[in-house]
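Analysis of the macromolecular model
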Amino acid sequence: MILATASSVGAPLAPPLELSAAFNPVPVHVQLRELAAFAESEDALLIQDAYGQGEWLQSFEAEIAAALGKERALFFPTGVAAQNAALCVHADLPAARSADFTTPRPSFMTHPTSHLLLYEEDAYRALLGMTALRVGAAERPLVAADVEPELRKLRAVGQAPACVLVEVPFRELGCAASPWDELVGLRRVCDEYDVPLHMDGARLLEVAPFYAPHSLQEICALFDSVYLSFYKGLGAMTGAMLLGSDAFVGAAAPWRRRLGANPYTSLPYALSCRAAWRKNAGNFEARWHKLRRIAAALAARHGGLVTFEPAEPTCAQCICRLAGDSEALERARDAAAAQTGAKVFRKLRSGDGGEPFFEWTLGPNNLDVDDDVFLEAWAAFAAALAES
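Residues numbered from 1 in each chain as written. Predicted model: local features only at pLDDT ≥ 70, side-chain atom pairs only at ≥ 80, totals over all residues. Heavy atoms only, no water.

Attention shifts here to the overall build of the protein. Helix and strand counts for the protein come out as 14 helices and 13 strands. Compactness check: the protein gives a C-alpha radius of gyration of 23 Å against a globular reference of 21 Å for 388 residues, within 12% of the reference. Out of the 388 residues belonging to the protein, those deemed buried represent 54%. For the protein, the proportion of contacts with a sequence separation of at least 24, taken over those separated by at least 6, is 75%. Of the accessible surface of the protein, which amounts to about 17200 Å², a share of 54% is contributed by carbon and sulfur atoms. A gap of 3 Å separates the mean positions of the 34 positive and 47 negative side-chain charges of the protein. (Helix = DSSP H or I, 4+ residues; strand = E, 2+ residues; numbered from the N terminus. Rg over C-alpha atoms; globule rule 2.2 N^0.38 Å. Buried < 20%, exposed > 50% of the residue type's maximum accessible area, 1.4 Å probe, protein only. Contact = heavy atoms within 4.5 Å. Areas by Shrake-Rupley, 256 points an atom, 1.4 Å probe, with all protein chains shown as cover. Lys, Arg positive; Asp, Glu negative; His and termini not counted. Charge placed at Lys NZ, Arg CZ, Asp CG, Glu CD.)

Here it is, written out as structure tokens:
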């Protein structure tokens, strides 16, 4: 099936279809036009907030709080600020330090692949003065048996972390997810040691269908606080929510300001987030099932070329590892794209051992693309690679 066709003789070909990207590139003027149309539909309440205060923004926060089963939600322009605010509240910052500096820094417990450790310039340490306690094995999701012994050791010396932070799912592991029983176990352990449990839910919506029949509210009920992203699988420009009890969110609001995450108005970002929520929050299960089908077919047909992590994806995102040299793989990708009009991956990364891989996210734009388009593009890619 050839997708790339010119509308007239000499006309440029359309950009290739991005098969592995959550969203295909859209011109800015098209995005803004769609956002303006959504704004018109919200016009009854749509008045610009001032420093996070406004009827429309509060109605959006209330909508998300109800959907996730939490008392209250607070909008943030970035997830980094949202999660650092959560740490500040759970640690009851600013922490008092003794004159001789013998009082330990406040700490939090998390998995070695946490986004806070890998991608946030050590903000927890440099900005908040906190210590990260790494627990669990980097190659698998966190489980209760990883956390309990470490909490017991800390209790023995009169200490406890400000919170246990768990990513749901674990992005660096191909979005592998802790089984439901392990989430329940983590909740039990945290209750036993009186330590708050915080969820890094950047991709919570992606993995929620994996936990069926448990609902989104049941998942979030296991956690004292939750961070939710709007720009990843939902496709907003940027934005996040921090959710929890009324007291928790009330304490987080001043930290939003202190962290420089409370602009004069959040309206453009929040509007994009609400539009994305309304449009895409309900399609993650279909995206997951489609990715599972395609991954299984590719593993059967091209097992020597491609492997998936997890082997059976737990949501609409996974890691795809390729056998071969990155430059050769990229040339084969481009040759297949020229032939079929579909690009099997956008950008390669290198693993610890130098092996090439990419993150595959099945986006809503590709839900209606026939499975055969994926399989034919990969067949062309494999053939081009064999000829190189």
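Below, the discussion takes up the confidence of the model for the protein. Low pLDDT means the predicted coordinates in that region are not meant to be read closely. In the predicted model, the protein carries a mean pLDDT of 94, and 94% of its residues have values of at least 70. Counting contacts from residues 4–11, a segment whose pLDDT is below 50, to residues more than four positions away or on other chains yields 7 contacts. (pLDDT = per-residue confidence, 0-100.)

Next up on the list: the sheet that holds strand E6 (residues 197–201). Taking strand neighbours across the sheet as the criterion, the 7 strands line up as E2-E8-E7-E6-E5-E3-E4 in an open arrangement whose pairing is mixed. At either margin of the open sheet sits one strand with a lone partner, and together these are strand E2 (72–76) and strand E4 (131–134). Averaged over all neighbouring strand pairs, the angle between strand axes comes to 25°, with direction disregarded. Direction of pairing for E6 relative to strand E7 (residues 225–229): parallel, over a ladder of 4 bridges. Among the inter-strand pairings, glycine 201 is bridged to a residue of E7, identified as leucine 228. Strand contacts of helix H2 (residues 55–68): E2, E7 and strand E8 (240–244), with the helix running at about 125° to E2, the strand carrying the most contacts. Running at roughly 20° to E2, helix H10 (residues 246–258) makes contact with E2, E7 and E8 of the sheet. (Pairing = 2+ DSSP bridges. Axes fitted to C-alpha atoms, helices over the stretch in contact; angles between N-to-C directions.)

So, on to helix H6 (residues 144–156). Across its 13 residues, H6 extends 18 Å between first and last C-alpha, which sits within 8% of the 18 Å expected from 1.5 Å per residue. For H6, the full list of buried residues reads Ala144, Asp146, Val147, Glu148, Leu151 and Leu154. Two residues or fewer past H6, glycine 158 is found with a positive phi of approximately 75°. (Expected span 1.5 Å × (residues − 1).)

Once the charged atoms of two side chains with opposite charge are near each other, the side chains can pair. Counting across every chain of the model gives 23 salt bridges. Put simply, glutamate 172 and arginine 349 hold a salt bridge, and the shortest N to O gap is 4.0 Å. You can see glutamate 172 sitting in the loop between strand E5 (164–167) and helix H7 (180–192) and its partner arginine 349 sitting in strand E12 (residues 349–350), a full 177 residues away along the chain. Taking the shortest distance from any N to any O, the salt bridge between arginine 321 and glutamate 309 comes out at 2.9 Å. Of the two residues, arginine 321 is situated in strand E10 (residues 317–322) and glutamate 309 in strand E9 (residues 306–309); the sequence distance between them amounts to 12 residues. Judged by relative accessible area, glutamate 309 falls into the partly exposed class, the value being 23%. (Salt bridge = Lys/Arg side-chain N within 4 Å of Asp/Glu carboxyl O.)

Now for the nonpolar core. Counting residues in hydrophobic clusters, the biggest one holds 62 residues, and the most contacted among them are Leu68, Leu204 and Phe230. Counting residues per element, this core draws most heavily on helix H11 (residues 267–280), which supplies 7 residues. Residues in contact with phenylalanine 230, not counting those within four places in the same chain, are Phe60, Ile64, Gly235, Ala236, Gly239, Ala240, Met241, Cys273, Ala276 and Trp277. One finds Leu291, Phe358, Val373 and Ala382 within the second-largest nonpolar core, a separate group that totals 35 residues. (Core = buried A, V, L, I, M, F, W, Y, C linked by side-chain atoms within 4.5 Å.)

Note that glycine 69 resides in the loop between H2 and E2. The class for glycine 69 is partly exposed, based on a relative accessible area of 48%. Considered as a pair, glycine 69 and glutamate 387 are 318 residues apart in the sequence and their alpha carbons are 54 Å apart.

A separate point is the packing of helix H3 (residues 79–90) against H10. The geometry of H3 relative to H10 is characterised by a closest axis approach of 9 Å and an angle of 115° between their N-to-C directions. Like other packed secondary-structure pairs, H3 and H10 cross with a definite hand, here right-handed. Contacts between H3 and H10 involve Ala85, Ala86, Cys88, Val89 and His90 from the first element and Phe248, Ala251, Ala252 and Trp255 from the second. (Left-handed = near helix turned anticlockwise from the far one by under 90°.)

Mapped onto the elements, serine 178 comes out in the loop between E5 and H7. Assessed through its relative accessible area of 2%, serine 178 is described here as buried. With near-sequence residues (within four places) excluded, serine 178 lies in contact with Pro141, Leu142, Phe170, Leu183, Phe210 and Tyr211.

Attention shifts here to the packing of aromatic side chains. A ring pair, where both rings are aromatic, is described by two values, the distance of the centres and the angle of the planes. Applying the stated criterion across every chain yields a total of 17 aromatic pairs. Ring geometry for tryptophan 56 and phenylalanine 60: centres 6.0 Å apart, planes at 35°, overall tilted. Of this pair, tryptophan 56 and phenylalanine 60 both sit in helix H2, 4 residues apart, which is roughly one turn of that helix. Taking the relative accessible area as the measure of exposure, tryptophan 56 reaches 2% and is therefore buried. Between the aromatic rings of tryptophan 360 and tryptophan 378, the centroid separation amounts to 6.0 Å while the plane-to-plane angle is 10°, which identifies the pairing as stacked. Separated by 18 residues along the polypeptide, tryptophan 360 in strand E13 (residues 356–361) and tryptophan 378 in helix H14 (residues 371–387) bring together distant segments of the chain. (Phe/Tyr/Trp six-rings, centres within 6.5 Å; stacked < 30°, edge-to-face > 60°.)

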